[in-house]
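Architecture and fold: a report
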Amino acid sequence: MNPDATVEPEKQILTAIDAAEDLPDPLAGLAEKTAADPGAPFMHAALEALAALRQDNRAAFEALRSQLKKAGCRVTALDEAIAEENGTPGGRGPTQADILIGLAQTAEVFHTPDGASFADLDINGHRETWPIRTKGFRRWLSRRFFEETGGAPSSEALQSALNVIEAKAHFDGPERPVHIRVGGLDDRLYLDLGDDTWRAVEIDATGWRVIDHPPVRFRRAAGMKPMPIPVRGGSIAMLRSFLNVQTDADFVLVVAWALASLRNRGPYPVIVLSGEQGSAKSTFSAILRALLDPNTAPLRALPREDRDLFIAATNGHVLAFDNVSGLPAWISDTLCRLATGGGFAVRQLYSDQDEVLFDAARPVILNGIEDIVTRPDLADRAVFLTLEAIPEERRRTERELWAAFEAERSRILGVLLDAVAKGLVELPATRLDKLPRMADFALWATACETALWPSGTFWSAYCGNRDEAVEGVIEADSIAAAVRALVQARTEWTGTASELLCALAELAGERVAKSKTWPDSPRALAGRLRRGATFLRKIGIDIGFEREGRARTRMIHITTNGKPASPETGGARPSASSAPPADWPKVSSGNGFASPGLRTVAAVADGSAGETGATVRANLLTSNAEAGADGADAMHPRQSTPENAGWRARL
C-alpha cells in the first residue's frame, strides 16, 4: 500500500478542523449586530447556534435572549424559528415565569383578613410562613428555579410570577390570620419561639408544652431573635433580681404587664418608667423586651409620625421607646389606640390609592427622665413606675448582668407561662366589683395572680398606682389644677366658659395664663375640661355642660362633694392578703436593687422561702388609718379587711 494514500485523508481532516476554527462564532457580538440589523439572529448559522445554546445552557440562552430583546429583536418570532430549527414547532416552550409559577405549586398560598398574601413553605420538615412580596419568599423561589434549571430567573420573570402567585393566594387560597410572636386558637395560646425550626409553646388550661408544628401561622419580621426554651421549676423572684423596682406593688404591676403581653389580645397597658440618670430605665426596658419579644434593636427612638409607629407595630409584638423627653398630642392619641386596640391606615405607595391596614393592640414600654405622660386619656391606660438611682458602689456591669439574666431567662419564662395557664383556667369565673378603664387587663391579671401570690395582691397594687396617676396628671395639667383650686373654698360654680377662663386665669397667675399650654379661647377651655373631666371626677369634682335660657347659652357647672372618690378603689373588691409574720426573713438579692419584700405563694409549706429570699409582704398597700402616722397620701380609701389572711399555697 502506498503510504501517501493514508496521509492525504488525515491532512484533509486537519485542514477542515483548522477551517472550522477559523470560522467566527455566530453568537459573538450578536446583540450588537441585532441593534444594527434586527434580522441578524434569524440567519441560519445564528439560529443553529441559538438552538444548541438553548438545549445545552438554558440560563445562558435566556440571558442572551433578554439582550436581543433589548436590542430590538422580535423574540416571539425568534422563539418560533428556534423551535422549528429544533424540529419542535409550537413556540419556545415554558417561559421563566411559567417555570416559577409551576415551582410555587409546592407552597400552600392563602390570604389574611386584611388581604395580604402569604405562602406556607415546607423546608427541611417544618413549615415556614412568608409574605409573598417579601425577600424571604423571593429567595426561596429563586433557589428553586436554580435547582431546576441551573440558572437565575430574570427580574421581569420573577415579578410576573409573583403577580400570578399573589392573585392565586387572594382569590383561590383560604383566609387565615397570621400572628407575630403571640397567637391564639380554640382557647389556646401560642408563643413563637423564633428558632430555625419554627417551634412554638402551646399553652392551655392543663399547662404548657413546646410543639414542633403549631396550628397557627406566625411570620418573622426583620430583627426578631429566638426565645429560650422555657424550663419549669423557677421562681418569680428571679425576675425581681434584674429589675430596679423599689416596692412590692411596682413588682406586682410589672409581672401583671408581662402576663398581659403573653396574651394574644389586648388591651395592654402602657408601662411608663421614669427616674433620674442612673436608675437603669433603659436596662429595665431591654430586659422586659428580651424576656417577652427579643429583638436585635430592642430599644428605639420615639417615631416622628404615625407611619413609623405603624411599621414598628406591624413588625414587633412589644414596642420599647427609650429616653422619651415628651409626648406630642398626636402620638399620645396614637398610643391610646395602640394600647386598647385601634386601626391604622397608611397609603401603600404615594402613587396609588391602596392602603395598608393595621388593626391590633401592642404592649408598649416608655421610659424617660421626666413625667412624660400628662394627658388623662393615655394616663388612664398606663402603669407608672418611678425608679430610684443605683448607687455607684452597688452597680453591676452590663456583661455581668446580662450573663446572669441569660442563665435564668428560661426559668423566668417558665414561671410566667405557668401563670398564664392558671389564668386560662380562672378567667371564666373571675369577677371584679368595679371595672377600671383597662377592664380586660385587670380581669386577666387577677385570674393569673394566684399562681404567684395571694388573691387581691394585684388589685391593691393597681388601685394605688391609679390613684397616684390621677394626682400626677392633675398636677401636670394647669387647667385641672386651677379647677381644683377653684372649688377648694366652695362646693359649686356655674357660669360660661368665658367667665370660667377668667376665673381660672386669676387663680393660676399671669405667668401660667400666658404660657403656651393655657387655652387661648373659651372653646379651647371646654375641650380641656372634657379631657380632664375623668380624672377630676376621681377626686370628687364633677363638670357638666348645659344650655340654658331662650338664648341657649352654654353653661358650665362645677360641683364637688368635698371628698375624694375613685370608682376603682371605692366599694368592695378582691381582698388583700395579710402581712407576713414578724420573723419572716428579708434576704437581699445582692444585685444592687431593693431586696424582695413580696411574699409569693411559691412555697412556705416546705420552708424554701427562707433559703431563697423570695419573701414578700403580700398586703402591698396600707390604708389611710394605718399609714397616717408616717404621712402617707390621704388619697387612698381604707382597704377591705382581708378574708384569706395567712393563706399560702405552693406554685
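Right above here is the structure, for reference.
Here we summarise the structure given alongside this text. (Residues numbered from 1 in each chain as written. Predicted model: local features only at pLDDT ≥ 70, side-chain atom pairs only at ≥ 80, totals over all residues. Heavy atoms only, no water.)

**Considering the overall build of the protein**
Within the protein, the secondary structure is distributed over 23 helices and 18 strands. Each of the 651 residues in the protein was classed as buried or not, and the buried ones make up 48%. In the protein, of all internal contacts separated by at least 6 residues, the share reaching a separation of at least 24 is 69%. Summing over all exposed atoms, the protein offers an accessible surface of approximately 31,500 Å²; the carbon and sulfur share of this is 50%. (Helix = DSSP H or I, 4+ residues; strand = E, 2+ residues; numbered from the N terminus. Buried < 20%, exposed > 50% of the residue type's maximum accessible area, 1.4 Å probe, protein only. Contact = heavy atoms within 4.5 Å. Areas by Shrake-Rupley, 256 points an atom, 1.4 Å probe, with all protein chains shown as cover.)

**Considerations on unusual backbone geometry**
Among all residues save glycine, negative phi is the norm, and among peptide bonds the norm is trans. In the segment running from Gly-266 into Pro-267, the intervening peptide bond is cis, with an omega of 5 degrees. Within the element layout of this structure, Pro-267 appears in the loop between helix H10 (248–261) and strand E10 (270–274).

**Overview of the sheet that holds strand E15 (residues 382–386)**
Taken in spatial order, the 4 strands make up an open sheet running E11-E14-E10-E15, and their pairing is parallel. On the outer flanks of this sheet lie strand E11 (319–321) and E15, each paired with one strand and no other. The sheet shows a mean angle of 15 degrees between the axes of neighbouring strands, taken without regard to direction. For E10 and strand E14 (residues 364–368), the ladder comprises 4 bridges, and the chain directions are parallel. Looking across to E14, one finds that Ile-271 is bridged to Ile-365. (Pairing = 2+ DSSP bridges. Axes fitted to C-alpha atoms, helices over the stretch in contact; angles between N-to-C directions.)

**So, the sheet that holds strand E7 (residues 200–204)**
Spatial strand order, E5-E6-E7-E8: 4 strands in an open sheet with antiparallel pairing. The sheet is open, and its two edges are formed by strand E5 (182–185) and strand E8 (207–211), each paired on a single side. The mean angle between the axes of side-by-side strands here comes to 25 degrees, regardless of whether they run parallel or antiparallel. In terms of strand pairing, E5 meets strand E6 (residues 188–192) through 4 bridges, oriented antiparallel.

**What about helix H13 (residues 329–340)?**
In this model, H13 (12 residues) spans 17 Å end to end at C-alpha, consistent with the 16 Å of a helix rising 1.5 Å per residue. Every buried residue of H13 is accounted for by Ile-331, Ser-332, Thr-334, Leu-335, Cys-336, Leu-338 and Ala-339. (Expected span 1.5 Å × (residues − 1).)

**Structural notes on the nonpolar core**
Ile-236, Val-255, Leu-259, Phe-284, Leu-416, Phe-458 and Tyr-462 are the most contacted members of the largest nonpolar core, which totals 66 residues. In terms of residue count, H10 provides more of this core than any other element does, 11 residues in total. For Leu-416, the residues in contact, after removing those within four places along its chain, are Ile-236, Val-255, Ala-258, Leu-259, Leu-262, Leu-291 and Leu-292. (Core = buried A, V, L, I, M, F, W, Y, C linked by side-chain atoms within 4.5 Å.)

**A short note on the side chain of His-126**
Along the polypeptide, His-126 turns up in strand E3 (residues 126–131). One polar contact links the side chain of His-126 to the main-chain carbonyl oxygen of Ile-123, over a distance of 2.8 Å. Within the structure, the side chain of His-126 is placed 3.2 Å from the backbone oxygen of Asp-196, a separation counted as a polar contact. Discounting chain neighbours no more than four positions away, the residues touching His-126 are Leu-121, Asp-196, Thr-197, Trp-198 and His-213. (Polar contact = N/O pair within 3.5 Å; in protein donor to acceptor, adjacent residues only side chain to side chain.)

**Digging into the packing of aromatic side chains**
Under the defined criterion, the tally for this structure stands at 9 aromatic pairs. Ring geometry for Trp-130 against Trp-198: centres 5.9 Å apart, planes inclined by 65 degrees, an arrangement best described as edge-to-face. With Trp-130 in strand E3 and Trp-198 in the loop between E6 and E7, this pair connects stretches of sequence that are 68 residues apart. One exposure class covers both Trp-130 and Trp-198, and it is buried. Every member of this aromatic cluster is reached through a ring pair, and the members are Phe-242, Trp-402 and Phe-405. Note that Arg-176 overlies the ring of Phe-110, its terminal NZ or CZ placed 5.2 Å from the centroid. Taking NZ or CZ as reference, Arg-217 lies 6.0 Å from the ring centre of Phe-110, over its face. (Phe/Tyr/Trp six-rings, centres within 6.5 Å; stacked < 30°, edge-to-face > 60°. Lys NZ or Arg CZ within 6 Å of the ring centre and 35° of its normal.)

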